[in-house]
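# Architecture at a glance
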Amino acid sequence: MLAFSIVLTSCGKSDPPITPEDNPGTPEIPVTPVTPDPPAQTKSISVLAIGNSFSVDAMQYLYDILKEDGAEEIVLGNLYIGGCSLSTHSGHFTSNDDAYTYYKNTTGTWSTSASYKPLDALRERDWNYITMQQASGDSGMPDTYEPYIDNILTIVKEYCPNAEVVWHMTWAYQGNSTHSSFPKYGSNQMTMYNAILNAVNTKVLTRANYKKVIPSGTAVQNLRTSVYGDNVTRDGYHMSYDAGRYVTALTWAGSLFGTDPQSISWHPSQYTYTDDQLSSIKEAAVNALKDPYKVTASSYPYVAPPADADLQELISTAGYNPDNYTQMEIPFTKFGYYNSSNATFISKMYNHQTSTASNLDDFCTTPIYEKKDIPNGSLIVVKPGFQYRPEGWITLDKANNSSTRPGNVTTTVVKVNDTWWGSWNYRAFNLLTNPRKTLTEETAAEVCKSFGIFIPKQ
């Protein structure tokens, strides 16, 4: 493992060996010298990211993976500004203004500090690693890197001369992404991925200080050849909570700590995975660590459903027999959603009768269901191009916080089990497109048809 720190433990002094001079007239007795115990080693790692939402995605599950792999002292920091580019980082580092939100994790839970100055984070400790990255839309544009990459690097090395500076190679957008920067790459995923590789090759690897690259972009591209297909973002560019964030965290752990992704059993407990899904995620990370600058096809390939496949066909493509299930009748509500982390509404539906929220027309939603309504073995199905948030409540009068509120799911078929229910006693489903867009009456009807729950027959 990398980045060990040594903790010395005191050892009691042994008596000096008896010699003939100490005890004249006695024969010399061979004495085995006392060897003190080796000093205890504490496996530690500290990582500071100079990033944006893509570093938030990549680091979200990193602590838990490092912990399972034997790290005893873990310090993760993330200097965050949404969509931040090297140019913007350079300006804030030069002026040392309080423009950042500072995310930190030393216990397995992320905390945030607003209005944070970047030099305060650099001075905080003798960091093992400091990562840098370009804004996603500029990541494949080499002319956006200079002189900013060197300006930031100079300041980092001044305050943290012992830190190893690492480049975080970000990922290309989903093929149908509506991100405003996607047209720079002809709205073509592989064009964007290859442009990112070119920028890393010409603007990062040519600088002696960057001895290590975290190949998140390649891990994501590898995963897109797997059972997940091009379905690993939650909005066309940010990572999905179940597969995308997991594969990038495994890639970070492998790059920085030498973690073998195949050895990790931990995964986010609020999501369910098939054996092939877990294997494909780990394989994608392993192959990216082995071949960071080329796509490696998965051993668990994506099987495209028939064009315009209905929900039953999606179940069949996923390996289940639709004849063994009964589709639940769901009374959908158009232009509404639940937010279990809102202390006022909690389990009250946001809709045009109860709220003036500006995003109401982005969603459709289901009723709230109890465990008896969706028993273990049920299948939750969503068509490609759509997604859902499986809201959860322990009690309907207790709000979640933002970190415990369930995230969006893009996986086509999810099988319900005890893990899926977890501690929740009630669940509902907010439905939306992927990428998300405002709905009309017609498109809202399409969203409702994109989702289904299938109950196993007795």
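See the structure shown above.
Residues numbered from 1 in each chain as written. Predicted model: local features only at pLDDT ≥ 70, side-chain atom pairs only at ≥ 80, totals over all residues. Heavy atoms only, no water.

### Here we look at helix 6 (residues 189-204)
- The end-to-end C-alpha distance of helix 6 is 21 Å, a good match for the 22 Å that 16 residues give at a rise of 1.5 Å each.
- Along helix 6, the residues that are buried comprise Gln189, Met192, Tyr193, Ala195, Ile196, Leu197, Ala199, Val200, Lys203 and Val204.
- Where the residues of helix 6 are buried, they touch helix 5 (148-159), strand 7 (164-168), strand 8 (212-214) and helix 7 (216-223). (Helix = DSSP H or I, 4+ residues; strand = E, 2+ residues; numbered from the N terminus. Expected span 1.5 Å × (residues − 1). Buried < 20%, exposed > 50% of the residue type's maximum accessible area, 1.4 Å probe, protein only. Contact = heavy atoms within 4.5 Å.)

### Structural notes on the packing of aromatic side chains
- Taken as a whole and assessed by the stated rule, the structure comprises 22 aromatic pairs.
- These aromatic residues form a ring-pair network of at least three members: Tyr388, Trp420, Trp421, Phe429 and Phe451.
- For the cation-ring pair, Arg125 lies above Trp127, with the distance from its terminal atom to the ring centre recorded as 5.9 Å.
- Directly above the ring of Phe345 sits Lys348, whose terminal nitrogen or CZ lies 5.3 Å from the centroid. (Phe/Tyr/Trp six-rings, centres within 6.5 Å; stacked < 30°, edge-to-face > 60°. Lys NZ or Arg CZ within 6 Å of the ring centre and 35° of its normal.)

### Here we look at the packing of helix 3 (residues 86-95) against helix 5
- At a minimum axis distance of 8 Å, the contact between helix 3 and helix 5 shows a crossing angle of 35 degrees. Handedness of the crossing formed by helix 3 with helix 5: left-handed. On the side of helix 3, the interface is formed by Leu86, Ser87, His89, Ser90, Phe93 and Thr94, while helix 5 contributes Tyr148, Ile149, Asn151, Ile152, Ile155 and Val156.
- Residues that form the contact of helix 3 with helix 5 fall into these classes: seven nonpolar, five polar and no charged. (Axes fitted to C-alpha atoms, helices over the stretch in contact; angles between N-to-C directions. Left-handed = near helix turned anticlockwise from the far one by under 90°. Nonpolar A, V, L, I, M, F, W, Y, C, P; charged D, E, K, R; others polar.)

### Regarding the sheet that holds strand 15 (residues 413-415)
- An order of 9-17-13-15 is seen for the four strands of this open sheet, with the pairing classed as antiparallel. Sheet topology places strand 9 (325-327) and strand 15 at the edges, where each strand pairs with a single neighbour. Taking the axes of each pair of neighbouring strands and ignoring which way they run, one obtains an average angle of 25 degrees across the sheet.
- Strand direction decides the pairing type here: strand 13 (residues 379-382) and strand 17 (residues 451-456), joined by four bridges, are antiparallel. (Pairing = 2+ DSSP bridges.)

### Considering the environment of Pro301
- Looking at the secondary structure, you find Pro301 in the loop between helix 9 (275-290) and helix 10 (311-317).
- Placed 165 residues apart in sequence, Pro301 and Ser136 show a C-alpha to C-alpha distance of 27 Å.
- Once you skip the residues sitting within four places of it in the chain, Pro301 turns out to touch Thr225, Ser226 and Val227.

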